[in-house]
Amino acid sequence: MIYKKCRAQLSNLGADQLLEKYRVLEKSDLKATSTVADPNARGQRNSTLPWFWSLDVRGDPVSNDWMNEFYRVHWLRTKALCDCWAEEILLVGHEMRWTIDFLVHRSRTWLS
């Protein structure tokens, strides 16, 4: 793998500061995920993106703008999902109350 070879050469050169930024790639970092593509998918609640997606490449304003837009969209999707669940909790509470009221009404009808 090219990345491992480059990282080994950086280590040979004593570039410790760069090695802190460019960490070792684990197999789990390279796993394809649909966290961003489909944030509402089942099991995506605790999914996070690998560390290399958050790298800030100096001198690359296009990349920086893209990353800012990426995080903005990701944040907005997460907020929308949170708002949706908050609304769902509110509705379930009302639905429970309506069910109780309906059953009380039906019991009165049956008893009369």
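Worth saying up front: this structure is predicted, and the values here are computed from it rather than measured.

**Student:** Looking at this structure, I do not really get the overall build of the chain. What am I missing?
**Tutor:** The helix and strand inventory of the chain stands at three helices and zero strands. Ordered by position from N to C terminus, the α and β elements of the chain give α-α-α. Residues classed as buried in the chain amount to 9% of the 112 residues present. Of the contacts made within the chain by residues no fewer than 6 positions apart, 43% connect residues no fewer than 24 positions apart. As displayed, the chain has an accessible area near 9800 Å², and 60% of this comes from carbon and sulfur atoms.

**Student:** Would you mind showing me how to read the pattern of salt bridges here?
**Tutor:** Here the structure, examined in full by the defined rule, presents two salt bridges. We note a salt bridge from K79 to D83, for which the minimum N-O separation is 2.9 Å. Taken together, the residues K79 and D83, both in helix α3 (residues 61-111) and four residues apart, mark about one turn of the helix. By relative accessible area, which is 38% here, K79 ends up partly exposed. D83 gets classed as partly exposed once you look at its relative accessible area, which sits at 40%. D101 is the partner of R97 in a salt bridge, and the nearest nitrogen-oxygen pair spans 2.8 Å. A residue pair is termed a helical-turn pair when its members lie 3 or 4 positions apart in one helix, as R97 and D101 do in helix α3 at four residues. R97 gets classed as partly exposed once you look at its relative accessible area, which sits at 46%.

**Student:** Is there a simple way to explain the state of the cysteines in this structure?
**Tutor:** Note: disulfide means a covalent bond formed between the sulfur atoms of two cysteine side chains. Tallying each qualifying case throughout the model produces zero disulfides. Unpaired in terms of disulfides, C82 finds its nearest cysteine sulfur in C84, a separation of 9.8 Å. Overall, C82 belongs to the exposed group, its relative accessible area being 51%.

**Student:** Honestly, the environment of L10 in this entry has me stumped. Any pointers?
**Tutor:** On the secondary structure map, L10 appears in helix α1 (residues 2-13). For L10, the contacting residues outside a window of four places in its chain are A15, L18 and L19.

**Student:** Even after reading the chapter, I still don't get α1, so can you show me in this structure?
**Tutor:** Three- or four-residue spacings in an α-helix give side chains the same orientation, since the helix completes a turn every 3.6 residues. The terminal C-alpha atoms of α1 lie 17 Å apart, and with twelve residues this matches the ideal 16 Å at 1.5 Å per residue to within 8%. In the segment just after α1, G14 is the residue with positive phi, at about 80°.

Definitions and cut-offs
- Residues numbered from 1 in each chain as written.
- Predicted model: local features only at pLDDT ≥ 70, side-chain atom pairs only at ≥ 80, totals over all residues.
- Heavy atoms only, no water.
- Helix = DSSP H or I, 4+ residues; strand = E, 2+ residues; numbered from the N terminus.
- Buried < 20%, exposed > 50% of the residue type's maximum accessible area, 1.4 Å probe, protein only.
- Contact = heavy atoms within 4.5 Å.
- Areas by Shrake-Rupley, 256 points an atom, 1.4 Å probe, with all protein chains shown as cover.
- Salt bridge = Lys/Arg side-chain N within 4 Å of Asp/Glu carboxyl O.
- Disulfide = S-S within 2.5 Å.
- Expected span 1.5 Å × (residues − 1).

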